[in-house]
Amino acid sequence: MMRFLLLFSRQGKLRLQKWFTPLTDREKKKIIRDMITMVIPRVPRSCNFLHWRDMKIVYKRYASLYFCCGLDDQDNELLGLEVLHRYVELLDKYFGNVCELDIIFNFEKAYFILDEFLMGGEVQETSKLTVAQSMEESDLLQETMEEYVNKPTF
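Attention in this report is confined to the structure presented alongside it. Just so we're clear, the structure is a prediction, and the values are computed from it rather than from any experiment. (Residues numbered from 1 in each chain as written. Predicted model: local features only at pLDDT ≥ 70, side-chain atom pairs only at ≥ 80, totals over all residues. Heavy atoms only, no water.)

A few words on the packing of helix α2 (residues 77-95) against helix α4 (residues 107-117). For the pair α2 and α4, the least separation of the axes is 10 Å and the interaxial angle reads 130°. As summarised for this structure, α2 and α4 are arranged oblique, according to the angle between their axes. Like other packed secondary-structure pairs, α2 and α4 cross with a definite hand, here right-handed. Mapping the contact onto sequence places V83, R86, Y87, L90, L91, Y94 and F95 in α2 and K109, A110, Y111, I113, L114 and F117 in α4. Within the contact of α2 with α4, the residues separate by chemical class into 11 nonpolar, no polar and two charged. (Axes fitted to C-alpha atoms, helices over the stretch in contact; angles between N-to-C directions. Helix = DSSP H or I, 4+ residues; strand = E, 2+ residues; numbered from the N terminus. Parallel < 35°, antiparallel > 145°, perpendicular 65-115°, else oblique. Left-handed = near helix turned anticlockwise from the far one by under 90°. Contact = heavy atoms within 4.5 Å. Nonpolar A, V, L, I, M, F, W, Y, C, P; charged D, E, K, R; others polar.)

Structure follows, in structure tokens:
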């Protein structure tokens, strides 16, 4: 089971965080700080897996963003790497070549895509088409509600 998923920039700025296990704010901040200080300085061609405490840390850099997740010790690291890659593919499909600014200015969409894909630290939906269809339906609903709210009432 995935315990957390973090997205941070090369400068160490946290862009997205999702926690699948209950932790205090102090523990979360400590984990975030540790992940940033461990992952960013690593050599680009080094292994994408780390052992930290009782977890396996899996990370992957895409452009200027690091996608990092913490897995239980008995979980498969390659599966974790595949989950990160699938999430990037889903973001690419929705945003069209996703970049850091897309995550910054549309973080609610990035969280929605993540929630459609993962639930409770486990993969909920493996089909990219199903997640994309869900996103389209959500956008359509949002547009319809905005039109309805902005419509003058007489």
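That shown, we press on.
Take the nonpolar core next. The biggest cluster of nonpolar side chains holds 26 residues, and the ones touching the most others in it are M2, L5, L7, F67, Y87 and L91. Broken down by secondary-structure element, the contributors of at least two residues to this core are β1 (2-9), β5 (65-72), α2, α4 and α5 (128-150). With seven residues, the top contributor of residues to this core is α2. Other than its neighbours up to four places away in sequence, L91 contacts F67, G96, V98, I103, A110 and I113. One finds F8, W19, M35 and L50 within the second-largest nonpolar core, a separate group that totals 16 residues. (Core = buried A, V, L, I, M, F, W, Y, C linked by side-chain atoms within 4.5 Å. Buried < 20%, exposed > 50% of the residue type's maximum accessible area, 1.4 Å probe, protein only.)

Moving on: the sheet that holds strand β4 (residues 55-62). If you walk across this open sheet you meet the five strands as β2-β1-β5-β4-β3, and the pairing is antiparallel. With partners counted over all chains shown, the strands left at the sheet margins are β2 (14-19) and β3 (49-52), one partner each. Averaged over all pairs of adjacent strands, the angle between strand axes in this sheet comes to 20°, irrespective of strand direction. Examined bridge by bridge, β1 and β5 share seven bridges and lie antiparallel to one another. Following the sheet pairing, M2 is matched in β5 by L71. Across the sheet, helix α1 (residues 25-39) touches β1, β2, β3, β4 and β5, and the angle it forms with β1 is around 60°. The sheet contacts of α4 involve β1 and β2, and relative to β2 the element is tilted by about 30°. (Pairing = 2+ DSSP bridges.)

On to the pattern of salt bridges, then. Summed over all chains, the structure comprises 10 salt bridges. Residue D34 pairs with R53 through a salt bridge whose shortest N-O separation is 3.9 Å. Of this pair, D34 sits in helix α1 while R53 sits in the loop between β3 and β4, and the two are 19 residues apart along the sequence. For E77, the salt bridge is made with K56, and the minimal N-O distance between the two is 3.2 Å. With a gap of 21 residues between them, E77 in helix α2 and K56 in strand β4 connect regions that are remote in the sequence. A network of salt bridges, in which partner residues are shared, links R3, D54 and D72. (Salt bridge = Lys/Arg side-chain N within 4 Å of Asp/Glu carboxyl O.)

For V131, the location among the structural elements is in helix α5. Residue classification places V131 among the buried residues on the basis of a relative accessible area of 2%. Apart from the residues lying within four places of it in its own chain, the contact partners of V131 are L90, I113, E116 and E125.

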